[in-house]
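Spelled out from the first residue to the last, the chains are:
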Amino acid sequence: MKILALETSAKAVSATVSENGRILASGYQDTGLTHSRTLMPIVEHILKNTDLKLSDMDAIAVAVGPGSFTGIRIGVSAAKGLAFSVDKPAVGVSTLAAMARNAAFTDGLIVCAMDARRSQVYNANFSAENGVLTRLTPDRAVSLDELAEEIRNDPRPITLVGDGAHLVYARFTEQGIPCRMAPPHLIMQNATSVALEAEALAAQGKLASAQELEAFYLRPPQADPLKKKPAPIQ
């Protein structure tokens, strides 16, 4: 199965083409330019360099959140447009579930965190054993103190991933909770992990049409405070 995956949920933007768990090509950029400028050139570049066309893909995957409202909107809109243009299914992937795959090789507890401001993080926790991930919590917004209290007595080694990992590390260390940050090349969310998570979801039949693909903000965007949130992604 060939998948084109997009990740635009934070400051960096990336795109990946994978086939049956193997990464064929990937592009990543974190230069401060807007995703609307950088995403499609990356997609065009990796497709050209793999001698593949968009129509060769079996599905288009995208991180649908939580994360930056603007970034998520850009990524989801791009995925919807790409999937619709070639009549391919789409896969909406939790940003947090995807980043957990960065540390799936570790055995222990993986704490995924994105900075949600106001001393909160977007968070989900996973256990990892022999490369197999098990979700322990839904995607949620939680305070750093609440997260620390929840984790405090867990005896497993703790690995932190995500752009909010440094916030969690500082709070956990302050409260005497042993933990480690993932290595620099694995700590941030990226499209490679989105592709791998999407393959797992596709194997479970969790595909959608372009029209069904929706962003998952956790918090309502400020411009649309009354919009109903979609159900949490599992």
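Check the entry above for the structure.
Cut-offs applied
- Residues numbered from 1 in each chain as written.
- Predicted model: local features only at pLDDT ≥ 70, side-chain atom pairs only at ≥ 80, totals over all residues.
- Heavy atoms only, no water.
- Pairing = 2+ DSSP bridges.
- Helix = DSSP H or I, 4+ residues; strand = E, 2+ residues; numbered from the N terminus.
- Axes fitted to C-alpha atoms, helices over the stretch in contact; angles between N-to-C directions.
- Contact = heavy atoms within 4.5 Å.
- Salt bridge = Lys/Arg side-chain N within 4 Å of Asp/Glu carboxyl O.
- Buried < 20%, exposed > 50% of the residue type's maximum accessible area, 1.4 Å probe, protein only.
- Polar contact = N/O pair within 3.5 Å; in protein donor to acceptor, adjacent residues only side chain to side chain.
- Phe/Tyr/Trp six-rings, centres within 6.5 Å; stacked < 30°, edge-to-face > 60°.
- Arc of directions from axis to C-beta.
- Core = buried A, V, L, I, M, F, W, Y, C linked by side-chain atoms within 4.5 Å.
- Left-handed = near helix turned anticlockwise from the far one by under 90°.
- Nonpolar A, V, L, I, M, F, W, Y, C, P; charged D, E, K, R; others polar.

Draft legend 1. Representation of the sheet that holds strand β4 (residues 59-65) within the structure. Strand order across the open sheet formed by five strands is β3-β2-β1-β4-β5, with mixed pairing between neighbours. Of all strands in the sheet, those with a lone pairing partner are β3 (22-29) and β5 (90-94), marking the two edges. Sheet twist, expressed as the mean angle between neighbouring strand axes with direction ignored, is 20 degrees. Relative to β5, β4 is paired through five bridges, and the arrangement is parallel. The partner of G65 across the bridge, within β5, is S94. Packing of helix α1 (residues 35-49) onto the sheet brings it into contact with β1 (2-7), β2 (13-19) and β3, and relative to β2 it is tilted by some 25 degrees. Along the sheet, helix α6 (residues 191-203) contacts β1, β2, β3, β4 and β5; its crossing angle with β1, the most-contacted strand, is approximately 130 degrees.

Draft legend 2. Representation of the pattern of salt bridges within the structure. The tally for this structure, following the rule as stated, stands at 10 salt bridges. Residues R152 and E149 are paired through a salt bridge, measuring 3.4 Å at the closest nitrogen-oxygen approach. A relative accessible area of 32% places R152 in the partly exposed class.

Draft legend 3. Broad picture of the environment of D115. In this structure, D115 sits in strand β6 (residues 108-115). Distance in space between the C-alpha atoms of D115 and G164 is 4.5 Å, their sequence separation being 49 residues. Every residue in contact with D115, bar those within four places of it in the chain, is listed here: Q120, V121, Y122, D163, G164 and L167. Separated by 2.8 Å, the side chain of D115 and the backbone nitrogen of R117 make a polar contact.

Draft legend 4. Representation of the packing of aromatic side chains within the structure. Within the structure shown, the criterion is met by one aromatic pair. Here F69 and Y217 contribute two aromatic rings whose centre-to-centre distance is 5.2 Å and whose plane-to-plane angle is 90 degrees, an arrangement assigned as edge-to-face. With F69 in helix α2 (residues 69-85) and Y217 in the segment after α6, the pair connects residues that are 148 residues apart, well separated along the chain. Since its relative accessible area comes to 21%, F69 is described here as partly exposed. Taking the relative accessible area as the measure of exposure, Y217 reaches 11% and is therefore buried.

Draft legend 5. Here's a closer look at the side chain of H35. Tracing the sequence through the fold places H35 in helix α1. Apart from residues no more than four positions distant in its own chain, H35 is found in contact with T8, A10, K11, A12, V13, G71 and I74.

Draft legend 6. Representation of helix α4 (residues 144-151) within the structure. Those residues of α4 not exposed but buried are L144, L147, A148 and I151. Viewed end-on, α4 has its buried residues packed into an arc of 100 degrees, placing them on one side of the element. For α4, the secondary structure elements touched by its buried residues are β6, β7 (120-129), β9 (140-143), β10 (158-161) and α5 (165-174).

Draft legend 7. The nonpolar core, seen in detail. Grouped together as the largest cluster of nonpolar side chains are 63 residues, with contacts concentrated most on L4, L6, I158 and F172. Counting residues in each nonpolar core, the second largest holds 13 residues, with I3, A59, A61 and A191 among its members.

Draft legend 8. Structural detail: the packing of α1 against α2. Running from amino to carboxyl end, α1 crosses α2 at an angle of 35 degrees, the nearest separation of the two axes being 10 Å. Taken as a pair, α1 and α2 cross one another with a handedness that is right-handed. Where α1 approaches α2, its residues H35, S36, L39 and M40 are matched on the opposing element by G71, I74, A78 and L82. Taken together, the residues that form the contact of α1 with α2 break down as five nonpolar, three polar and no charged.

Draft legend 9. Structural context of α5. Those residues of α5 lying buried are A165, V168, R171 and F172. Projected down its long axis, α5 carries its buried residues within an arc of 135 degrees, all on one side. In the core, the buried residues of α5 are packed alongside β6, β7, α4, β10 and β11 (180-181).

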